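Below are the chains, spelled out letter by letter.
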Amino acid sequence: MHLRTFRADDLETLIGLTVRAFRPIQDGIRHQLGPELFARQNGQWQQDYRDTLTELTAPERRHQFLVADLDGAPAGYAAWAVHPGPAGPQGEITLLAVDPRHQRSGLGRALIEGTLTAMRAAGCVVAWASTGGDDAHASARAAYAAGGFTPLPTVFYSRVL
């Protein structure tokens, strides 16, 4: 496995990988929110991820997108952004996904480490990420904890209007 920059021919593969990786999470959200609220809030989640990946891999943002290449094919990715902070720039891992066939193999941790290295090189003094508190996000929380991140629990509320 090696980390590399995004290539334009990666996009469709990464969209498929994202759908496979996030389907269990979306199923859990659907179960927790109920069908009506889920439909209004996350009902187009596959298209939303397609749009998000298209934005994150635009030519002007590709320098903040790492691909984990395994045997010549993308097996995961991480995107990051820089935000101003009181002590200096802060890096945020905005999206991280590993193909379910390769989860729990160290790819997520390698992507986190690669992203942190890129953030340091960009002058960031703090790194942060957010993830869900539900069972489907347990492996993500474990990966961030193993990467030295300190958790700060938050709660996200939704309702139908």
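Scope of this entry: the structure provided in the associated data block. (Residues numbered from 1 in each chain as written. Predicted model: local features only at pLDDT ≥ 70, side-chain atom pairs only at ≥ 80, totals over all residues. Heavy atoms only, no water.)

A few words on a nonpolar patch on the surface. Residues Val125, Val126 and Trp128 make up a contiguous nonpolar surface patch of about 240 Å² in total accessible area. With respect to the element layout, Trp128 can be found in strand E5 (residues 126-129). Judged by relative accessible area, which is 32%, Trp128 ranks as partly exposed. (Patch = residues over 30% accessible without salt bridge, like charges linked within 9 Å, V, L, I, M, F, W, Y side chains within 5 Å. Areas by Shrake-Rupley, 256 points an atom, 1.4 Å probe, with all protein chains shown as cover. Salt bridge = Lys/Arg side-chain N within 4 Å of Asp/Glu carboxyl O. Helix = DSSP H or I, 4+ residues; strand = E, 2+ residues; numbered from the N terminus. Buried < 20%, exposed > 50% of the residue type's maximum accessible area, 1.4 Å probe, protein only.)

A few words now on the packing of helix H1 (residues 11-33) against helix H2 (residues 35-42). Close contact between H1 and H2 brings their axes to 6 Å; oriented N to C, the two are set at 130 degrees. The orientation of H1 relative to H2 falls into the category oblique. In the crossing of H1 with H2, the sense of the turn from one axis to the other is right-handed. Every residue of H2 that contacts H1 at Gln26, Ile29, Arg30 and Leu33 is listed here: Pro35, Leu37, Phe38, Gln41 and Asn42. Class assignment for the residues of the contact of H1 with H2 results in five nonpolar, three polar and one charged. (Axes fitted to C-alpha atoms, helices over the stretch in contact; angles between N-to-C directions. Parallel < 35°, antiparallel > 145°, perpendicular 65-115°, else oblique. Left-handed = near helix turned anticlockwise from the far one by under 90°. Contact = heavy atoms within 4.5 Å. Nonpolar A, V, L, I, M, F, W, Y, C, P; charged D, E, K, R; others polar.)

Time to look at the sheet that holds strand E4 (residues 90-98). Reading across from one edge, E1-E2-E3-E4-E5 is the order of the five strands in this open sheet, with mixed pairing throughout. Each having just a single partner strand, strand E1 (2-5) and E5 make up the two edges of the open sheet. Going from strand to strand, the sheet's axes swing by 30 degrees on average, the running direction of each strand aside. Its contacts with the sheet put helix H3 (residues 45-56) on strand E2 (65-70), strand E3 (73-83) and E4, and the angle it makes with E4 is roughly 130 degrees. (Pairing = 2+ DSSP bridges.)

By the element assignment, Tyr157 lies in the segment after helix H5 (138-146). A relative accessible area of 71% places Tyr157 in the exposed class. Each C-alpha atom, one on Tyr157 and one on Thr54, is 28 Å from the other, the two residues being 103 residues apart in sequence.

Core analysis: the largest hydrophobic core is formed by 20 residues, its most contacted members being Leu14, Phe22, Leu53, Phe65, Tyr77 and Leu95. Sorting the residues of this core by element identifies H1, H3, E2, E3 and E4 as the ones contributing at least two each. Considering each element in turn, this core owes the most residues, eight residues, to H1. For Leu95, the contacting residues outside a window of four places in its chain are Phe22, Tyr49, Thr52, Leu53, Leu56, Tyr77, Ala78 and Ala79. Residues Ala68, Ala75, Leu96 and Leu111 belong to the second largest nonpolar core, which totals 16 residues. (Core = buried A, V, L, I, M, F, W, Y, C linked by side-chain atoms within 4.5 Å.)

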